[in-house]
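Spelled out, the chains give:
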Amino acid sequence: MLENMKNMLNCAKNGKYAVAQFNINNLEWTRFILEECQANNSPVILGVSEGAARYMGGYKTVFGLVKNLMEYLNITIPVALHLDHGSSYEVCVEAIDAGFTSVMIDASKYDLATNIEITKKVVDYAHPRNVTVEGEIGHIGGNEDGVNGGILYAEVNDCVEYCTKTDLDFLAPALGSVHGPYKGEPVLAFDRMSEIKEKTNLPLVLHGGSGIYDDQIRQAIECGICKLNINTELQQAWTLGVREKLNTDANVYDPRKVIKAGEANIKQAIKAKLELLKTINIASNN
Ligand code: 13P
């Protein structure tokens, strides 16, 4: 069932597990993710970045794709369709109007007061429409920032002020993770994570979930993480399968066969994450 993230992440918070956000890129990825999560009776969040939405033909196209695939595949697990890193109020409104059930407003590049102002505006638009909102404090680094650079760790007091003044549903505090492959060791601020969890009492989100060690992910769940975002690891797993196919089968030319060559790898990677996050077989309890 397509729903917002409220129930999913509140159940995760109470049950001490985390729901995976897997980012989607096209029809096949959406299908692979839905099928594998359904097979494991696990709730799932489909993350869509602005770039991915443009690539797939806009928010309405993505919504139609997800809705119709779910119907066609008889998907009964809880599924949220979530805008990942919405960069403005207008983009969030566009996704909500297209049918997305959840949005992230990422105004973390602005000062705290401006971040609060923009986030509150998104919350005020989203909540009456039954759409949940995630927001970011600090700055989660990425490849574009250099060697694990660009990380600006979230301050506890900023998180409290941000959550209180915006009434948002889920907080993504930057605590050392980066988007894309790590160019060193991930260094997560677990103590601060726990403190933010205690003081905000909201389900926390960890971005940059690829390349973080399993033990760190388990510890992060202990410290309040209820949602883990994963993109790069699935891309790498899928590409490995496709590359092998192209390297070993000089006669293949059917795009369906080429794309399918990554299916087993991607599904294996999904299952491993669901096991780690402890969401297998919990969908019917939600
Ligand atoms: P990775 O690409 O590092 O898995 O991060 C995904 C993410 O955080 C999307 O918001």
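Data block above holds the structure.
Residues numbered from 1 in each chain as written. Predicted model: local features only at pLDDT ≥ 70, side-chain atom pairs only at ≥ 80, totals over all residues. Heavy atoms only, no water.

**Student:** Before we go on, may I ask you to explain the side chain of Ser210 in this structure?
**Tutor:** By the element assignment, Ser210 lies in the loop between β9 (204–206) and α9 (214–222). Here the side chain of Ser210 touches Thr232 through a polar contact of 3.4 Å, landing on its backbone nitrogen. Ignoring sequence-local partners within four residues, the contact set of Ser210 consists of Gly180, Tyr182, Asn229, Ile230, Asn231, Thr232 and Glu233. (Helix = DSSP H or I, 4+ residues; strand = E, 2+ residues; numbered from the N terminus. Polar contact = N/O pair within 3.5 Å; in protein donor to acceptor, adjacent residues only side chain to side chain. Contact = heavy atoms within 4.5 Å.)

**Student:** What should I look at first to understand helix α8 (residues 190–200) in this one?
**Tutor:** Each full turn of the α-helix corresponds to 3.6 residues, which orients residues three or four apart in the same direction. Among all positions in α8, only Phe190, Met193, Ile196 and Thr200 are buried. On an axial view of α8, the arc spanned by its buried residues comes to 120 degrees, and they lie on one face. Exposed residues lying more than 90 degrees from the buried face of α8 are Asp191 and Glu198. Just downstream of α8, Asn201 is the residue with a positive phi angle, here 60 degrees. (Buried < 20%, exposed > 50% of the residue type's maximum accessible area, 1.4 Å probe, protein only. Arc of directions from axis to C-beta.)

**Student:** Would you take a moment to explain the site of the ligand for this structure?
**Tutor:** Contacts to the ligand come from 14 residues, most closely from Asp84, Gly208, Ser210, Asn231 and Thr232. Between the ligand and the protein, one listed contact pairs an oxygen atom with a backbone N or O atom of Gly180 at 2.9 Å. Residue Ser210 places a side-chain N or O atom 2.5 Å away from an oxygen atom belonging to the ligand. Look at the ligand: alone it shows 310 Å² of surface, and the protein chains cover 96% of it. Elements with a contribution of two residues or more to the shell around the ligand: β3 (79–86), β8 (178–179) and β10 (225–230). A class-by-class count of the residues in the shell around the ligand yields 2 nonpolar, 11 polar and 1 charged. (Near = heavy atom within 4 Å. Areas by Shrake-Rupley, 256 points an atom, 1.4 Å probe, with all protein chains shown as cover. Nonpolar A, V, L, I, M, F, W, Y, C, P; charged D, E, K, R; others polar.)

**Student:** Just to check I follow, could you spell out the packing of helix α2 (residues 27–39) against helix α12 (residues 263–277) for this structure?
**Tutor:** Axes are the key here: two packed helices are described by the angle between their axes and the distance separating the axes. Direction vectors running N to C along α2 and α12 enclose 45 degrees, while the axes themselves pass 10 Å from each other. Considering the angle they form, α2 stands oblique to α12. In this structure, α2 crosses over α12, and the sense of that crossing is right-handed. Two secondary-structure elements touch here, α2 through Trp29, Phe32, Ile33, Glu35, Glu36 and Cys37 and α12 through Glu263, Ile266, Lys267, Ile270, Lys271 and Leu274. Residues of the contact of α2 with α12, tallied by class, amount to 7 nonpolar, no polar and 5 charged. (Axes fitted to C-alpha atoms, helices over the stretch in contact; angles between N-to-C directions. Parallel < 35°, antiparallel > 145°, perpendicular 65-115°, else oblique. Left-handed = near helix turned anticlockwise from the far one by under 90°.)

**Student:** Would you explain the pairing of strand β4 (residues 102–105) in this entry?
**Tutor:** Put simply, side chains in a regular strand alternate between the two faces of the sheet. Residues Ser102 and Met104 of β4 are buried on one face, and the alternating residues Val103 and Ile105, pointing to the opposite face, are buried as well. Sheet topology note: the β3/β4 ladder contains 3 bridges and is parallel. Looking across to β4, one finds that Leu83 is bridged to Val103. This β-α-β element, β3 to helix α5 (residues 89–98) to β4, shows right-handed connectivity. Strand direction decides the pairing type here: β4 and strand β5 (residues 132–137), joined by 4 bridges, are parallel. Looking across to β5, one finds that Val103 is bridged to Val133. (Pairing = 2+ DSSP bridges. Right-handed = clockwise from strand over helix to strand, strands pointing away.)

**Student:** What is the right way to look at the side chain of Glu50 in this model?
**Tutor:** Tracing the sequence through the fold places Glu50 in helix α3 (residues 50–56). Despite its burial, Glu50 pairs with no opposite charge; the closest candidate is Arg54, at 4.3 Å N-O. The contact partners of Glu50, leaving out residues within four places of it in the chain, are Tyr59, Leu83, Asp84, His85, Gly86, Ser87 and Val91. (Lys, Arg positive; Asp, Glu negative; His and termini not counted. Salt bridge = Lys/Arg side-chain N within 4 Å of Asp/Glu carboxyl O.)

**Student:** Help me understand the packing of α8 against α9 in this model?
**Tutor:** Across the interface, α8 lies against α9 with an axial gap of 9 Å and an inter-helix angle of 25 degrees. With respect to α9, the element α8 is oriented roughly parallel. Handedness of the crossing formed by α8 with α9: right-handed. Across the interface between the two elements, Phe190, Met193 and Lys197 of α8 pack against Gln216, Gln219, Ala220 and Glu222 of α9.

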